[in-house]
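Understanding the architecture of this molecule
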Amino acid sequence: MNELRYILGGPQGGGLETLSELLSWAYAHAGYGVISDREYFSNIKGRHSYVHATVSAVELPRHLTYPVDIVAAMDAETVFTHFDDLRDGGYIIYNSDDDNVSFTSIPSMERDLRERLTSEFKELGVDGTVKSVVKYLQSNRKVRVVGLSFKELLMEIERREGIVPSQASRYISTILAGAVAAITGINEEDLDYSLKRRFVREDLYRHNRAMANIVIEAVKGQFGSELKLDKPSVKVSGVLVASGNDVIAMAKIVAGVRFQAYYPITPAADESFTLEEYEALGGEGSIVVFQTEDELAAINAAIGAALTGARSSVATSGPGFDLMVEGLGWAGQNEVPVVVTYYQRGGPSTGQPTRGGQSDLLSSVFASHGEYPRIVLASGDHEEAFYDAIDAFNYAETYQVPVIHLVDKFLANTIATIPLPNLDGIRIVRGKLAPKGLTEYKRFDLSSVISPRAFLGDYVMWYSGDEHDEYGHIDEDPINRIRMFDKRMKKLDMIEKEIPEERRYSYFGSERPDIVIVGWGFVKGVALKAIEELSGEGIKTSYYHIRMFIPFPRESITKIAGEVSVDKLVAVEHNYQAQASRLVAMNTGITVGKSVVKYTGRPIYVHELVNAIKNIMRGSVREVLSYGA
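The following paragraphs examine the structure supplied in this document. Note that the coordinates shown come from a computational prediction; the quantities given were computed from them, not determined experimentally.

Turning our attention to the overall build of the protein chain. Looking only at helices and strands, the protein chain has 20 helices and 22 strands in total. Taking 2.2 N^0.38 as the reference for a compact globule, 629 residues should give roughly 25 Å; the C-alpha atoms of the protein chain span a radius of gyration of 26 Å, in line with that estimate. Counting only C-alpha atoms, the protein chain reaches 85 × 60 × 45 Å along its principal axes. Evaluated residue by residue, the protein chain yields a buried proportion of 59% over its 629 residues. Once local pairs closer than 6 in sequence are excluded, the contacts in the protein chain between residues at least 24 apart make up 75%. By element, 50% of the accessible surface of the protein chain is carried by carbon and sulfur atoms, the whole surface being about 24,900 Å².

This part is about the pattern of salt bridges. Oppositely charged side chains can form a pair if their charged atoms are brought close together. According to the stated counting rule, one finds 42 salt bridges in the structure shown. Across the pair K529 and E59 runs a salt bridge whose closest N-O atoms are separated by 3.3 Å. Of this pair, K529 sits in helix α17 (residues 523–536) while E59 sits in the loop between β3 (48–56) and β4 (68–73), and the two are 470 residues apart along the sequence. Overall, the relative accessible area of 12% leaves K529 in the buried class. Here E467 and R488 are joined by a salt bridge, their closest N and O atoms 2.8 Å apart. Of this pair, E467 sits in the loop between β15 (414–419) and α16 (478–498) while R488 sits in helix α16; the two residues are 21 residues apart in sequence, bridging distant segments of the chain. Pair check on accessibility: E467 and R488 agree, each one buried. Sharing partners across several salt bridges, the network here consists of D381, E384, D388, D391, R503, K524 and R547.

Relative to the elements of secondary structure, S448 occurs in the loop between β15 and α16. Within the structure, S448 has its side chain in polar contact with the side chain of K432 (distance 3.2 Å). One polar contact links the side chain of S448 to the main-chain carbonyl oxygen of I450, over a distance of 2.8 Å. Setting aside residues no more than four positions away along its own chain, S448 makes contact with K432 and K487.

To continue, consider the nonpolar core. Judged by nonpolar contacts, the single largest core of 72 residues is most densely connected at F80, L117, F121, L137, I375, Y399 and V403. It is helix α14 (residues 382–399) that contributes the most residues to this core, nine residues altogether. Sequence-distant contacts of Y399, that is, excluding residues within four places in its chain, are made with I375, I450, K491, M494, I495, E498 and I499. A57, V180, I183 and M211 belong to the second largest nonpolar core, which has 53 residues in total.

The next thing to look at is helix α18 (residues 554–564). Along α18, the residues classified as buried are S556, I557, I560, A561 and V564. The buried residues of α18 all sit within an arc of 130° when viewed along its axis, so they share a single face. Of the residues in α18, the exposed ones pointing more than 90 degrees away from the buried face are E555, K559, G562 and E563. Buried residues along α18 sit against β16 (505–509), β17 (515–520), β18 (541–546), β20 (569–573) and α19 (579–588). Directly beyond the C-terminal end of α18, a positive phi value near 85° is found at S565.

The rules behind these values
Residues numbered from 1 in each chain as written. Predicted model: local features only at pLDDT ≥ 70, side-chain atom pairs only at ≥ 80, totals over all residues. Heavy atoms only, no water. Helix = DSSP H or I, 4+ residues; strand = E, 2+ residues; numbered from the N terminus. Rg over C-alpha atoms; globule rule 2.2 N^0.38 Å. Buried < 20%, exposed > 50% of the residue type's maximum accessible area, 1.4 Å probe, protein only. Contact = heavy atoms within 4.5 Å. Areas by Shrake-Rupley, 256 points an atom, 1.4 Å probe, with all protein chains shown as cover. Salt bridge = Lys/Arg side-chain N within 4 Å of Asp/Glu carboxyl O. Polar contact = N/O pair within 3.5 Å; in protein donor to acceptor, adjacent residues only side chain to side chain. Core = buried A, V, L, I, M, F, W, Y, C linked by side-chain atoms within 4.5 Å. Arc of directions from axis to C-beta.

Structure below.
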């Protein structure tokens with residue numbers, strides 16, 4: 001087989017991330033492409049969490065879909081939540097000690113799910129215990145059952161390695177890693193690599209290695225490696241295995257960031273945590289990563305740092321960005337080059353703190369009262385995110401405007417194998433700087449759209465939230481207002497002229513399509529896979545991927561709409577209103593009247609997008625997707 005799909009499930013804080021890392025690193029070390037999305041409740045410990053992954057022998061995957069080949073369950077709740085996600089003939093790996101646990105006895109399970117299971121179990125004729133669900137899968141769906149007594153395995157590792165019984169539960173992750181490794185044929189060298197990388201202490205490595213060996217021996221003896229992947233043929237010389245948060249943090253370091261402010265918020269905070277690990281860069285200088293008391297302080301601190309000449313940014317999510325918009329307007333008024341990395345999650349208000357979405361697009365494009373120039377760009381995958389993060393700083397300093405870099409929670413929390421970034425073409429552009437030795441300095445010199453920028457301390461200068469003159473002094477004269485306002489807004493014309501159209505979008509698929517998917521952000525990966533599947537069924541499909549919203553790629557989408565007809569355009573987005581299609585209409589007058597949307601907080605999966613596109617082809621104008629636990 002050339003592609004493997006699995007779900008790893010368990011309680012939040014129960015070692016699920018360790019399990020996911022062990023498998024992802026092992027597959028990547030063996031040469032396979034991996035992508036894994038972590039879905040979790042807004043809960044520190046206890047609620048159901050799961051990792052949904054695709055492993056490929058032929059590509060670096062950017063998509064997720066159902067059904068899966070393996071469900072590996074740390075607890076009973078995972079069995080009940082995900083048994084229907086398994087394909088016929090797949091594998092379920094679970095703790096046989098949970099056989100008599102009933103779904104009605106699990107307090108952490110949401111009421112809605114419990115009610116759905118009550119109805120479904122009645123229809124299927126199962127009594128609601130783990131044992132009855134597993135028996136149903138085995139008898140009716142030909143699922144291979146790998147029942148492991150965690151209790152007995154933990155007792156065995158206690159006996160062999162002399163582990164303190166109170167610490168034995170720490171090895172549950174390795175039990176499931178060993179079982180998956182056995183079934184999918186992960187070789188010893190690759191698993192050993194991931195164990196050594198994860199467990200640096202020699203005793204922890206030795207104990208986990210022993211546990212993995214026990215499980216592999218038991219599972220292989222019964223099942224062999226029946227889901228062994230084909231030999232990898234991914235054509236890359238080296239890869240990174242990293243989350244979107246980590247990739248953007250790496251890119252900011254490459255870009256020369258020297259100040260990042262943040263207030264902890266999901267899913268943005270992980271980026272700042274990664275930057276904190278590299279605050280001291282040796283001969284390359286240092287980074288100040290400043291955790292502030294709130295988001296208002298974060299944006300204002302970043303603005304202050306930018307005024308001193310430091311490359312400066314903030315990382316936040318929806319509720320935090322809402323608090324930042326006044327400061328963002330101040331930056332726009334005062335032509336401050338500051339970058340906001342905006343990780344979108346479910347809203348409004350606190351919304352879904354740990355779930356994903358793309359509902360903040362219009363918010364970012366129109367954020368803060370009044371009018372001022374800004375740049376808004378969005379990343380579709382880890383590779384784009386790396387280069388976009390660098391471009392964001394270059395654009396901010398070139399045009400002296402705030403730059404908003406949109407990233408989905410899905411991308412932020414998804415771990416993927418990506419090619420090592422090519423740094424040869426990276427350029428650091430600091431924009432128009434004021435020379436030394438001037439006898440007079442006008443920060444907002446009206447002689448050019450982009451005024452020479454001096455740093456605080458170079459010259460005497462003034463900044464105010466009010467309208468100002470060339471020096472920065474408050475000035476409400478109507479003629480001055482027109483001159484200063486026109487100066488700022490003419491940056492949009494310059495940005496429109498200088499940033500190439502081809503930088504603002506990407507186009508994939510048929511040149512003469514039956515249907516054109518219009519999307520952005522994390523839609524990219526699933527759309528590309530859907531194109532492949534639909535084309536295989538004779539439906540010529542293409543994907544128009546929006547990479548920048550300010551400046552908007554109006555020429556290219558107008559051209560495409562004219563060539564294929566507007567009726568063939570369908571917006572695919574993770575929000576209710578298909579917000580990007582509204583910006584298409586605003587910028588071009590083209591109405592994208594058909595849409596496929598998902599706003600459950602879970603990503604769009606290939607199988608549901610393919611079905612939705614087929615329904616659109618049959619005459620539907622709006623498809624609302626809902627798959628996923």
